[in-house]
Amino acid sequence: MIAIGSDHGGYVLKQAVLEYLDENKIAYKDFGCFDENAVDYPDIAMKVAEEVAKGNFSRGILICGTGIGISIAANKIPGIRAALCNDTFSAKYSRQHNDANILTLGGRVIGPGLAVDIVDIWLREEFTGGRHKTRLDKIAQIEKHYWKCGGEK
Ligand code: RB5
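Brief notes about the packing of aromatic side chains
- Applying the stated rule across the entire model yields 2 aromatic pairs.
- Residues F31 and F57 carry aromatic rings whose centres are separated by 5.6 Å and whose planes lie at 80 degrees to one another, so their mutual orientation is edge-to-face. Remark: F57 occurs in the loop between α2 (41–53) and β3 (59–64) and F31 occurs in the loop between β2 (28–30) and α2; sequence separation between them is 26 residues.
- The exposure class assigned to F57 is buried, which follows from its relative accessible area of 9%.
- On the numbers, 4.6 Å between centres and 45 degrees between planes, the contact of F89 with Y93 is tilted.

So, in structure tokens, the structure goes:
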């Protein structure tokens, strides 16, 4: 099940992604926002990222204007590997090499056609493990070192 959210800058693109998820019968929960009124992207990022970090949702999708702010915010939550992918190549390797558990998109950067291709690839690709697992373990060590308060996995 996918947790999805956006700020006002990502609202329109999120509607296209929701349409894709509906058409492909992919289950999701929309954590807002629900119109184009301005909201603060860290609030949405935290809601979605916490749900993914707790294991309540297998993956998340977050959209803001550039995809940058919402990705920075989501990556503050321990256990989150949020990847900003405004192209299909990055989407593929963010899964294969980084085991990204949140995809972020720039609603003011890319159009709905490309966004849906990115989401489609990102949801299908799997983590390849091996040497990449060693690197992710090192990222987890960094989290452990700097975020001593920890976080639920
Ligand atoms: C909101 O205006 C905009 O700053 C936000 O959507 C995002 O682009 C931030 O990184």
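A look at the nonpolar core
- Counting 21 residues, the largest nonpolar core has V17, I61, L103, L105 and V119 as its most contacted members.
- If we skip the residues at most four places from it in the chain, V119 touches V17, Y20, I61, L103 and L105.
- V48, F57, C64 and A74 belong to the second-largest nonpolar core, a separate cluster that totals 18 residues.

What to know about helix α4 (residues 88–96)
- Within α4, the full set of buried residues consists of A91, S94, R95 and Q96.
- Elements in contact with the buried residues of α4: β3, β4 (82–84), α5 (112–124) and α6 (131–146).
- Capping of α4 at its N-terminal end is provided by D87; its side-chain oxygen lies 3.1 Å from the backbone amide nitrogen of F89.

Digging into the environment of I26
- Note that I26 resides in the loop between α1 (11–23) and β2.
- With 25 residues separating them in the primary sequence, I26 and M1 have C-alpha atoms 7.3 Å apart.
- In contact with I26, not counting residues within four places along its chain, are I2, Y20, L21 and L123.

Looking at the site of the ligand
- As a structural note, the neighbourhood of the ligand is formed by D7, H8, Y41, C64, G65, T66, G69 and R108.
- Contact between the ligand and T66: an oxygen atom at 3.0 Å from a main-chain N or O atom of the residue.
- For the ligand, whose free accessible area comes to 290 Å², the fraction covered by protein is 70%.

Notes on the packing of α1 against α5
- Contact pair α1 / α5: the axes reach a minimum separation of 9 Å and the direction vectors enclose 50 degrees. Our classification of the angle between α1 and α5 gives oblique. In this structure, α1 meets α5 at a crossing whose hand is right-handed. Contacts from L13, A16, V17, Y20 and L21 in α1 reach P112, A115, V116, V119, D120 and L123 in α5.

Thoughts on a nonpolar patch on the surface
- Nonpolar side chains collect at one region of the surface, where I68, I72 and L84 lie side by side and expose about 250 Å² of accessible area between them.
- Relative to the assigned elements, L84 resides in strand β4.

Scoring rules and cut-offs
- Residues numbered from 1 in each chain as written.
- Predicted model: local features only at pLDDT ≥ 70, side-chain atom pairs only at ≥ 80, totals over all residues.
- Heavy atoms only, no water.
- Phe/Tyr/Trp six-rings, centres within 6.5 Å; stacked < 30°, edge-to-face > 60°.
- Helix = DSSP H or I, 4+ residues; strand = E, 2+ residues; numbered from the N terminus.
- Buried < 20%, exposed > 50% of the residue type's maximum accessible area, 1.4 Å probe, protein only.
- Core = buried A, V, L, I, M, F, W, Y, C linked by side-chain atoms within 4.5 Å.
- Contact = heavy atoms within 4.5 Å.
- Polar contact = N/O pair within 3.5 Å; in protein donor to acceptor, adjacent residues only side chain to side chain.
- Near = heavy atom within 4 Å.
- Areas by Shrake-Rupley, 256 points an atom, 1.4 Å probe, with all protein chains shown as cover.
- Axes fitted to C-alpha atoms, helices over the stretch in contact; angles between N-to-C directions.
- Parallel < 35°, antiparallel > 145°, perpendicular 65-115°, else oblique.
- Left-handed = near helix turned anticlockwise from the far one by under 90°.
- Patch = residues over 30% accessible without salt bridge, like charges linked within 9 Å, V, L, I, M, F, W, Y side chains within 5 Å.
- Salt bridge = Lys/Arg side-chain N within 4 Å of Asp/Glu carboxyl O.

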